[in-house]
Amino acid sequence: MSRPLIIDWTACEGRGLCADLLPELIGQDKWGYPQSRSGRTVLVPPELERPARKAVHLCPRLALRLEADAKTRVTG
Amino acid sequence: MSTDALWYLARGSGVVSLILFTVVVALGIGTRSGRGFAGMNRLAVASVHRAASLLALVFLVIHVSTLLFDPYAQLGLVDVVVPFGSGHRPFWVGLGTLALDLALAVAITSLLRERIGLRAWRAVHWLAYAMWPIALAHGIGSGSDRSTGWMLAIDALCVLTVLAVAVSTHPAFRDTETPSTTPQLVTTRGEQR
Ligand code: HEM
Ligand code: SF4
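Keep in mind that what you see is a predicted model, and the values were worked out from it rather than measured.

Visitor: Is there a simple way to explain the nonpolar core in this structure?
Guide: The nonpolar side chains of a soluble globular protein tend to be buried with one another. Residues and elements named next belong to chain B. Formed by 35 residues in total, the largest nonpolar core has its most connected members in L18, F21, M131 and W132. Mapped onto this core, the elements with two or more residues apiece are α1 (3–31), α2 (42–68), α4 (90–111), α7 (128–142) and α8 (149–168). In terms of residue count, α1 provides more of this core than any other element does, nine residues in total. F21 has contacts with A56, L57, L60, A103, M131 and W132, leaving out every residue within four places of it along the chain.

Here it is, written out as structure tokens:
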């Protein structure tokens, strides 16, 4: 059900906007870079999909990508 | 509507549009610091920047469409898009046309940002730095209010706002406790593969 939110670390500049939008899932390290609360890939549950999409649209570096949920994703 | 009412509406919407664009540019510059700004967090700054820019465009459209019906402005449809051809103060009115074109380019590419990619978007977005002074000059040069004290005061306030934000958020004025630029060595986080 949950969709992985992938952070492109080469693009991210640690602006912290995603942490503002998804405080439940994303914190900030001491440099301002996003840090997954779970310590693993950020998984967005359906009820947080709206703010997650908003983060993808508003990220100043376009560094976020919301993937299809794990079940329907074609792996390869 | 009487032509007088049209004229007031045209002037008023032009002034409101300039003030809003000033706010938009100030927030755009403020957001570059990578932190909150003016008591807002990053998210709020980005959202207000976006919303205010669209509102500014709405006022800009009102401004231009009322002028199309204003007998004194003698503005044709072509003059709205192609600068420097209008019968009335062609240079100063042309600057307004140029500012409109640039504003549209900046806004439209922003709305298509995910499609056109970061590089192309950034390149066009920089035009905002040309657009705002051009709009300001247009207001000073072609407005009927240009010689009035209150309009000059608004213009001065707009310039001061942008300068103040540019200077106060400049990295050189930042306290050294917080990182000023992208740290280069923090990519080796263990988590999140
Ligand atoms: C015509 C209206 C607009 C004007 C005049 C304007 C102006 C600006 C300016 C001056 C900057 C600073 C650029 C820099 O030095 O890097 C900026 C940044 C930015 N603007 Fe706009 N903008 C407009 C519309 C929009 C819209 C519609 C969006 C919607 C997504 C947007 C999103 C952004 C973002 C994401 C940044 C970069 C923030 C960063 O680098 O951290 N802008 N804008
Ligand atoms: S919003 Fe984008 S640039 Fe900012 S911290 Fe999140 S991923 Fe990085």
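Visitor: Help me understand the interface of chain B and chain A, please; the structure alone is not making it clear to me.
Guide: One widely used convention gives an interface's size as the accessible area the parts lose upon coming together. Residue-level contacts link 23 residues of chain B with 25 residues of chain A. Where chain B abuts chain A, roughly 2,200 Å² becomes buried across the two surfaces, and 54% of that area is made up of carbon and sulfur atoms. Along the contact surface separating chain B from chain A lie zero salt bridges. In this structure, the connection of chain B to chain A is made through six residue pairs in polar contact (both at pLDDT 80 or more). For the side of chain B that touches chain A, the leading source of residues is α2 of chain B, giving five residues.

Visitor: Please explain unusual backbone geometry as it appears in this structure.
Guide: Across the chain, the bulk of peptide bonds are trans and the bulk of non-glycine residues have phi less than zero. The phi dihedral of L62 of chain A is positive, around 50°, even though this residue is not glycine. Note that L62 of chain A resides in the loop between α2 (49–58) and β5 (64–66).

Visitor: What's the story with the packing of aromatic side chains in this structure? I'm lost.
Guide: Geometry of an aromatic ring pair is reported as the spacing of the ring centres plus the angle between the planes. All names here are of chain B. For the structure shown, the criterion picks out four aromatic pairs over all chains. Ring plane angle 10° and centroid distance 5.9 Å describe the contact between F84 and F91, whose orientation is recorded as stacked. Aromatic pair F91 and W92: ring centres 5.0 Å apart, planes at 75°, arrangement edge-to-face. For W92, a relative accessible area of 34% puts it in the partly exposed group. Each residue in the set F84, F91 and W92 is aromatic and connected to the rest through ring pairs, giving one cluster.

Visitor: I tried to follow α4 of chain B on my own but got confused; where do I start?
Guide: Because an α-helix packs 3.6 residues into every turn, residues spaced three or four apart end up facing the same way. If you check α4 of chain B, its first and last C-alpha atoms are 31 Å apart, about what 22 residues at 1.5 Å a residue would give, namely 32 Å. For α4 of chain B, every residue scored as buried is listed here: V93, G94, L95, G96, T97, A99, L100, L102, A103, V106, A107 and T109 of chain B.

Visitor: Sorry if this is basic, but what is going on with the packing of α7 of chain B against α8 of chain B here?
Guide: Packed helix pairs are specified by the crossing angle of their axes together with the interaxial distance, meaning the distance between the axes. Residue and element names in this part refer to chain B. Relative orientation of the contacting elements α7 and α8 amounts to 165°, with a least axis distance of 11 Å. Here α7 is positioned roughly antiparallel relative to α8, judged by the angle of their axes. As for the relative orientation of α7 and α8, their crossing is left-handed in sense. Contact residues: α7 offers W132, L136 and I140, while α8 offers D155, C158, V159 and V162. The residue inventory of the contact of α7 with α8, partitioned by class, reads six nonpolar, no polar and one charged.

Visitor: Even after reading the chapter, I still don't get the sheet that holds strand β1 (residues 3–7) of chain A, so can you show me in this structure?
Guide: The pairing of strands in a sheet comes from backbone hydrogen bonds and takes either a parallel or an antiparallel form. Residue and element names in this part refer to chain A. One open sheet holds the three strands; their spatial order is β4-β1-β5, and the pairing between them is antiparallel. Whereas interior strands pair on both sides, the edge strands pair on one side only; in this sheet they are β4 (42–44) and β5. Taken pair by pair, the neighbouring strands of this sheet meet at an average axis angle of 30°, ignoring direction. Pairing between β1 and β4: three bridges, direction antiparallel. Looking across to β4, one finds that R3 is bridged to V44. Against the sheet, α2 contacts β1, β4 and β5, and its axis sits at roughly 140° relative to β5.

Visitor: Please clarify how the UniProt feature "transmembrane region" (unreviewed entry) in chain B should be interpreted in this entry.
Guide: Residues annotated by UniProt as "transmembrane region" (unreviewed entry) correspond here to residues 6–30, 51–69, 89–112, 124–141 and 147–167 of chain B. Structurally, residues 51–69 of chain B is divided into 95% helix and 0% strand, and its ends, taken at the C-alpha atoms, are 28 Å apart.

Visitor: How should the site of ligand 1 be read in this particular structure?
Guide: Of all residues adjacent to ligand 1, which total 21 residues, the nearest are R15 of chain A together with H49, R122, H125 and Y129 of chain B. Within the side chain of R122 of chain B, an N or O atom sits 2.4 Å from an oxygen atom of ligand 1. One of the side-chain N or O atoms of Y129 of chain B is found 2.6 Å from an oxygen atom in ligand 1. Taken together, the elements giving at least two residues each to the shell around ligand 1 come down to α1, α2, α4, α6 (118–125) and α7 of chain B. Considering every element that reaches the shell around ligand 1, the biggest residue donor is α1 of chain B, with six residues. In terms of residue class, the shell around ligand 1 is made up of ten nonpolar, six polar and five charged.

Calculation notes
- Residues numbered from 1 in each chain as written.
- Chains lettered and ligands numbered in written order.
- Predicted model: local features only at pLDDT ≥ 70, side-chain atom pairs only at ≥ 80, totals over all residues.
- Heavy atoms only, no water.
- Core = buried A, V, L, I, M, F, W, Y, C linked by side-chain atoms within 4.5 Å.
- Buried < 20%, exposed > 50% of the residue type's maximum accessible area, 1.4 Å probe, protein only.
- Helix = DSSP H or I, 4+ residues; strand = E, 2+ residues; numbered from the N terminus.
- Contact = heavy atoms within 4.5 Å.
- Buried area = accessible area lost by both parts, 1.4 Å probe.
- Salt bridge = Lys/Arg side-chain N within 4 Å of Asp/Glu carboxyl O.
- Polar contact = N/O pair within 3.5 Å; in protein donor to acceptor, adjacent residues only side chain to side chain.
- Phe/Tyr/Trp six-rings, centres within 6.5 Å; stacked < 30°, edge-to-face > 60°.
- Expected span 1.5 Å × (residues − 1).
- Axes fitted to C-alpha atoms, helices over the stretch in contact; angles between N-to-C directions.
- Parallel < 35°, antiparallel > 145°, perpendicular 65-115°, else oblique.
- Left-handed = near helix turned anticlockwise from the far one by under 90°.
- Nonpolar A, V, L, I, M, F, W, Y, C, P; charged D, E, K, R; others polar.
- Pairing = 2+ DSSP bridges.
- UniProt positions renumbered as here; feature names shortened; annotations may be inferred.
- Near = heavy atom within 4 Å.

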